[in-house]
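Coordinate analysis (summary)
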Amino acid sequence: MAPRAFQPSTIAIWLFLLPGIVVYGGVVLTPLIGGFYYSLFETKNFQFHWAGLANYVRLWGDGDFWFTLRNNFIIILLSVIFQVTTAFIIAVLMNSRLVIAPKFLRTAIFFPVILSPVVTSFVWILVFDINSGLLNNTLEAIGLGGLQQKWLDDPKIVIYSVTVALVWQYIGLFLVIFLSGLSAINQETIEAAEVDGASTFQKTIYVIFPQLASTWSVAIVLAISGGLKIFEHIFVMTGGGPGLSSTVVAQYAYSQSFLRANFSYGNTIAIAIVVLSLTLVSLTIWAFNRFVVKDRI
Amino acid sequence: MAQLQLSEVRKSFGAVDVIKGVDIDVRDGEFVVLVGPSGCGKSTLLRMIAGLETVTSGSIRIGEREVKNLRAKERDIAMVFQSYALYPHMTVARNMGFALKLQGIPKDEIAKRVNDAAAILNLTDYLERYPKQLSGGQRQRVAMGRAIVRNPRVFLFDEPLSNLDAKLRVQMRAEIKQLHQRLGNTIIYVTHDQIEAMTMADKIVILSGGAVEQVGSPLELYDRPRNTFVAGFIGSPAMNLLEGRIGAGGMIELAGGGTLPLPVDVASPPKGGVIVGIRPEHMLLGGAGQGDLPLRIDVLEPTGSETHVMGKAGSVEVVAVVRDRLSERPGETLHLSVDPKHVHLFDAASGLRIAE
Amino acid sequence: MTGRITLPAILINAALILFALTTIFPMIWVIYNSLKSTAAFSESIFALPSDPTFRAYVQIFEVGTVWTAMWNSLFYAVASTTLIVLLSYCIAYVLARFEFPGRAAVFSFFILGLLLPIPALLVPVFMQYRTIGILDTQFTLLIPYTAFGLSLAVFLMEGYIRKIPVELDEAAHVDGASLFTVMFVIVFPICRPIVATVALLSFLHSWNEFAFATTLIRDESYKPIPLWLRTFGGQYATDYPALMAGMVLASVPIIVLFIFFREKIVEGFAGGAVKA
Ligand SMILES: Nc1ncnc2c1ncn2[C@@H]1O[C@H](COP(=O)(O)OP(=O)(O)O)[C@@H](O)[C@H]1O
Ligand SMILES: [Mg+2]
């Protein structure tokens, strides 16, 4: 796009950009810079003292931090396995002619995506409620009372319970991503494979899957960055407990700041999350482009 | 008095020179067609006149004013885009009246001018429709209507017919020409189709590679092409261009075999190699003309009124169009000749017309 | 449709429909249980209310804090949506139409917001707000809500404007339009579909947001509905129908929007994710 004869002056262009840049930069950029700055100090009684990289050294040796990060990775791993993969399978099934009500399915499965995390957290508090919960009562009703659990109160299973809630709420997002990826591939290639005698399974593996490589990369990137964004659900459902058992990094940063009043350390964790997330996302994109997406030059 | 005058106009996109010094004079009320192969810079030149593209150097005058540094809206021009560029969210009437509304012209005056233009263009019944509810031809007319209501000094058209089917194109060609005769405004019309140029223009400007090859009336270009490019570009089927040299007997001896007469207007025949141009429709059968061009027939295409003969003279492809119905078959040889007044001669090295 | 009725087809359909029901059933369960008395709820958590009562809703409205929260959320959502549409349109138009130094950097800068782990910004944003002294005001939440909506909005709008032929802008310039007229009288109306998508997504996001609200707002009078629900849920943890009524109230506008605009919303989420 060459400069058009009616292009306004560069100053005018920046005037159009400025309000957005100020608002956005003021929430995204300056806090990051400020956050990094504060991470170089130590907080004692709401006073800041220069500490260099001491907070980062502490972070490196902080078992609690690594434990909470591990929780994020459990969520990411489980969502790639159950959320992304299931969404892919459902999308492929819906794209075949087998399914009778694809519109209804899509709308129903997508529905929880638009609900407030606070609302869905309460939904799952109610589902997991030990006595009046939907899950334990259902298990009892169908004669599987022996499987009843203290879903949100048992430190060994709480992280998995929470993950179920997350997978449930956002699987619809991955579904519509795969559906839109599928709608972009040429249906005739699938029909050609059919004519060539491919089974449903073979069509999926040899024809659909390779053409959806970039959609997969989007989905995985989303699962990773989404897994590091988890905060509200756990905050509302369990508060990170019992103990630290369901705490994730974002909440660890939050509680270090607001419960321990250690804002410097909270900022340190925040900066670490940002760096980690951007690194993982870039690595994933790079890996996909390098090893999977070969059809694009 | 020139209505539109381009002098030494140049345009570069970065390091690429797209328009390489163009001079054109357009008289008031003239219908000028800019024609040339795709990518030669026609749109760029037109857009510079419109004020949509900056001018790298040179001068553009409309009337008495230098407009090079004026904005599009200050140039008193109207433009019809190839894609029509109709505002999709406005009705036909609002599309046509938009420029007037921006000028602050009162509503009833706008309505009157829109209705007048609509009547000329047979759009009266469609004024309340939206562009997507119209056929291609109707959209084309709305695009013209939008230009007409403003009664500008100069109309600019960029390949306005290229999105229409062949039949509609012929019809719109006639309509635009009529419109010009009726309104009398100056028109600059860009096309890559030489037939459009020949049928519509008062004056044709042939562009190639960002430079003007020749300017003239359609028949001037047909009768006296200035170089081999123009010779090959104007006319359909294209002129046959054959290499040769001047032989002893004052005839042209062709590289592929055969002889042709020298044109009447060449006083002193050149010594070096020449290119001789004969339009297919000027080929004569047997000895009706002068010279002898043996043509081995590849394909015969009778169209009813005439017969197109495609074949080879030596190894060179030659096309002839003759009025007679031929009984020869492919593989046989046809002897052609030509009237000297229809022979064009060009210098082989420069490609320029040799004439006195 | 050439799908034949085969056993696998029946099984697959049954499984998918069952799955879809599990995604919508919990919310339906919440809705009908909010119409029960506490006693009826303890009797059976599955049964439909035999004797529907609005007791829970009446109780919530009598306490009254929900009105403030609803009003606040409406204000945050409408105001941030308006700002997002206006600001992102200006940015997207300029990015899509003009070539200028820094263009690519500005674009990447906004797209970065799609990749950032936003909750990680809670603490740094809090620090900044405390330093400037703009915690706990009517406009406190407006800034982050607008800012985080901009990334997706700029991305979606830029892509849309890019597909609108530039000849339209040029025709308008030739017709005598100023840049402002071209932007707001010609191109903006053509962008209506994407503006609708952006507005819907922004509204949903601002209405639902919780993390920044709980970090930046302490004052009751500025709390939005998710914050209210969390407090209310803490207080009424044992009055299940009341809690469920609260959840329904917090979701009503969202569900209504979803019912009317589900295609646009789905399209926006799918389109936005493709870059993220
Ligand atoms: N904005 C631009 N930037 C760079 N090159 C361009 C631009 N516009 C046109 N060109 C180049 O200029 C030449 C002439 O283009 P154009 O005027 O559109 O040709 P025409 O209309 O005769 O087909 C082409 O080679 C084209 O690639
Ligand atoms: Mg062109």
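Residues numbered from 1 in each chain as written. Chains lettered and ligands numbered in written order. Predicted model: local features only at pLDDT ≥ 70, side-chain atom pairs only at ≥ 80, totals over all residues. Heavy atoms only, no water.

1. What about the side chain of D169 of chain C?
Here is the rule we go by: Helix and strand assignments come from DSSP, with helices taken as H or I runs of at least 4 residues and strands as E runs of at least 2, each series counted from the N terminus. Whether two residues are in contact is decided by their heavy atoms: any pair within 4.5 Å suffices.
Along the chain, the position of D169 of chain C falls in helix α8 (residues 166-174). Leaving out residues up to four positions away in the same chain, D169 of chain C has contacts with F6 of chain A together with Y93, R97, V182 and V187 of chain C.

2. Side note on the interface of chain B and chain C
A common way to state how big an interface is: give the accessible area lost once the parts meet. Put simply, the rule is: The rule for a salt bridge is simple: a side-chain nitrogen of Lys or Arg has to be within 4 Å of a carboxyl oxygen of Asp or Glu. N or O atoms within 3.5 Å of each other form a polar contact, as long as, within protein, one can give a hydrogen and the other can take it, and as long as residues adjacent in sequence are counted only when both atoms are side-chain atoms. Only Asp, Glu, Lys and Arg are considered charged, only Ala, Val, Leu, Ile, Met, Phe, Trp, Tyr, Cys and Pro nonpolar, and every remaining residue, Gly among them, polar.
Each partner contributes residues to the interface: chain B has 20 residues there, and chain C has 16 residues. In this assembly, chain B and chain C are joined by two salt bridges. The residue E170 of chain C makes a salt bridge to R47 of chain B at a minimum N-O spacing of 2.6 Å. Where chain B meets chain C, there are seven residue pairs in polar contact (both at pLDDT 80 or more). Its residues assigned to classes, the side of chain B that touches chain C shows 14 nonpolar, two polar and four charged.

3. Here's the deal with the site of ligand 1
What counts here: Residues are counted as near a molecule or strand when any one of their heavy atoms sits within 4 Å of it. Residue-level accessible areas treat just the shown protein chains as cover; the underlying method is Shrake-Rupley with a 1.4 Å probe.
Around ligand 1, the structure places ten residues, and the nearest of them are G39, G41, K42, S43 and T44 of chain B. More than one chain approaches ligand 1, the contributing ones being chains A and B. Interatomic distance of 3.0 Å between a backbone N/O atom of G41 of chain B and an oxygen atom of ligand 1. With respect to ligand 1, the side chain of S43 of chain B contributes an N or O atom lying 2.6 Å from an oxygen atom. For ligand 1, the protein covers 59% of the area, taking 560 Å² as the surface of the free molecule. Per-element tally for the shell around ligand 1: the top contributor is helix α1 (residues 42-50) of chain B, with three residues. Looking at the shell around ligand 1 residue by residue, the classes come out as four nonpolar, five polar and one charged.

4. Quick word on helix α7 (residues 142-163) of chain C
Residues and elements named next belong to chain C. Stated precisely, the cut-off is as follows: Helices are assigned an expected span. That span is 1.5 Å times one less than the residue count. In this scheme, the bend at a residue equals the angle between the axes fitted to the seven residues that finish there and the seven that begin there. Relative accessible area decides the class of each residue, using a 1.4 Å probe on protein chains only: under 20% of the type maximum gives buried, over 50% gives exposed, and in between gives partly exposed.
Spanning 22 residues, α7 covers 31 Å between terminal C-alpha atoms, matching the ideal 32 Å at 1.5 Å per step. Along its length, α7 reaches its greatest deviation from straightness, about 35°, at L150. Among the 22 residues in α7, 16 count as buried, and that is most of the element.

5. A few points about empty space enclosed by the protein
Note the following rule: Cavity means a closed set of points on a 1 Å grid over the protein atoms alone, one where a 1.4 Å probe fits but cannot get out, pocket means an open set with protein on both sides within 12 Å along at least 5 of 7 lines, and lining means a residue has an atom within 4 Å of a point. Grid points are joined across faces, edges and corners, and a volume is the space filled by probe spheres set on the points.
Applying the stated rule across the entire model yields four cavities of 30 Å³ or more. Its boundaries defined by the atoms lining it, the largest cavity holds a volume of some 1300 Å³. In terms of residues, the lining of the largest cavity owes the most to one element, helix α10 (residues 192-208) of chain C, which gives seven residues. Among the residues making up the lining of the largest cavity, the classes are represented as 31 nonpolar, 15 polar and three charged. Looking at the second largest cavity, its volume works out to about 70 Å³. Residue lining of the second largest cavity: V80, M144, A147, I148, F155, F157, I176, L179, H180, L183, N185 and I187 of chain B, and that is the complete set. Looking at the lining of the second largest cavity, the elements with two or more residues in it are α4 (136-148), β7 (154-158) and α5 (166-183) of chain B. When residues in the lining of the second largest cavity are grouped by element, the largest group, four residues, is from α5 of chain B.

6. Digging into the pairing of strand β18 (residues 316-322) of chain B
Residue and element names in this part refer to chain B. Test applied: Between any two strands, pairing holds if DSSP finds at least two bridges.
As paired elements, strand β17 (residues 307-313) and β18 share seven bridges and run antiparallel to each other. Among the inter-strand pairings, H308 is bridged to a residue of β18, identified as V321. Connecting β17 to the antiparallel partner β18 that follows it, the hairpin turn spans two residues, and G314 within it adopts a positive phi of roughly 65°.

7. Notes on the interface of chain C and chain A
Definition in use: Values labelled buried area give the accessible surface lost by two parts on being combined, using a 1.4 Å probe and summing over both.
Contact with chain C, which involves 98 residues of that partner, is made by 89 residues of chain A. Among the residues of chain C in contact with chain A, L16, F109 and V123 of chain C are the three that bury the most area, contributing 7% of the side total. The interface formed by chain C and chain A includes one salt bridge. Here R106 of chain A and E263 of chain C are joined by a salt bridge, their closest N and O atoms 2.8 Å apart. In this assembly, chain C and chain A are joined by 16 residue pairs in polar contact (both at pLDDT 80 or more). Sort the elements by how many residues they give to the side of chain C that touches chain A and helix α13 (residues 240-273) of chain C lands first, with 16 residues. In the side of chain C that touches chain A, the residues fall into 72 nonpolar, 16 polar and ten charged.

8. Notes on the confidence of the model for chain C
Residues and elements named next belong to chain C. For clarity, the cut-off: Every residue is assigned a pLDDT by the predictor, reflecting its confidence on a scale from 0 to 100.
Taken as a whole, chain C shows an average pLDDT of 89; of its residues, 97% reach a score of 70 or greater. Confidence, read as mean pLDDT per element, is least for helix α2 (residues 38-43) in chain C (83) and greatest for helix α4 (residues 65-97) (95). In the predicted complex, the global pTM is 0.87; the interface-specific ipTM is 0.90.

9. A short note on the environment of F109 of chain C
Residue and element names in this part refer to chain C. Mapping F109 onto the fold places it in helix α5 (residues 103-115). The class of F109 is buried, set by a relative accessible area of 15%. Sequence separation between F109 and S151 is 42 residues; the distance between their C-alpha atoms is 8.6 Å.

10. Describing unusual backbone geometry
Residues and elements named next belong to chain B. At the junction of S236 and P237, the peptide bond is cis and its omega measures out at -5° in the coordinates. Within the fold, P237 resides in the loop between α8 (228-233) and β11 (240-246). Here the phi dihedral of N151 falls at roughly 45°; this positive angle occurs in a residue that is not glycine. Tracing the sequence through the fold places N151 in the loop between α4 and β7.

11. With respect to α8 of chain C
In terms of residue burial, α8 of chain C counts as a mostly covered element, since eight of its nine residues are buried. All of the buried residues along α8 of chain C are V166, L168, D169, E170, A171, A172, H173 and V174 of chain C. Check the buried side of α8 of chain C and you find it contacts α1, β6 (77-80), α2 (92-102) and α4 of chain B together with α4 and α9 (179-190) of chain C. The first or second residue beyond α8 of chain C is G176 of chain C, which carries a positive phi of 105°.

12. Side note on the sheet that holds strand β3 (residues 31-35) of chain B
Residue and element names in this part refer to chain B. Note the following rule: All axes here are fitted lines through C-alpha atoms, helices being fitted over the stretch that makes contact, and every angle between N-to-C directions spans 0 to 180 degrees.
Taken in spatial order, the six strands of this open sheet run β6-β7-β8-β3-β9-β10, and their pairing is mixed. In the strand order of this sheet, the two ends are held by β6 and β10 (211-216), each with one partner. When strand polarity is set aside, the average angle formed by the axes of neighbouring strands in this sheet is 20°. In terms of strand pairing, strand β9 (residues 203-208) meets β10 through five bridges, oriented antiparallel. From the neighbouring strand, I206 faces β10, where its bridge partner is Q214. Packing of α4 onto the sheet brings it into contact with β6 and β7, and relative to β6 it is tilted by some 175°.

13. A closer look at the packing of aromatic side chains
We apply this condition: Ring pairs shown here join Phe, Tyr and Trp side chains whose ring centres sit within 6.5 Å, with only the six-membered ring taken for Trp; geometry is labelled stacked below 30 degrees between planes, edge-to-face above 60, and tilted in between. Remark: a charge is flagged as sitting over a ring if the NZ atom of Lys or the CZ atom of Arg is within 6 Å of the ring centre and within 35 degrees of the ring normal.
Under the defined criterion, the tally for this structure stands at 52 aromatic pairs over all chains. On the basis of an interplanar angle of 45° and a centroid distance of 5.1 Å, the ring pair of Y38 of chain A and F48 of chain A is categorised as tilted. With a gap of ten residues between them, Y38 of chain A in helix α1 (residues 10-38) and F48 of chain A in strand β2 (residues 47-50) connect regions that are remote in the sequence. Among the aromatic side chains, those forming a connected cluster through ring pairs are F231, F235, Y254, F258 and F263 of chain A together with F126 and F210 of chain C. It is R146 of chain B that lies over the ring of Y87 of chain B; its NZ or CZ is 4.8 Å from the centre.

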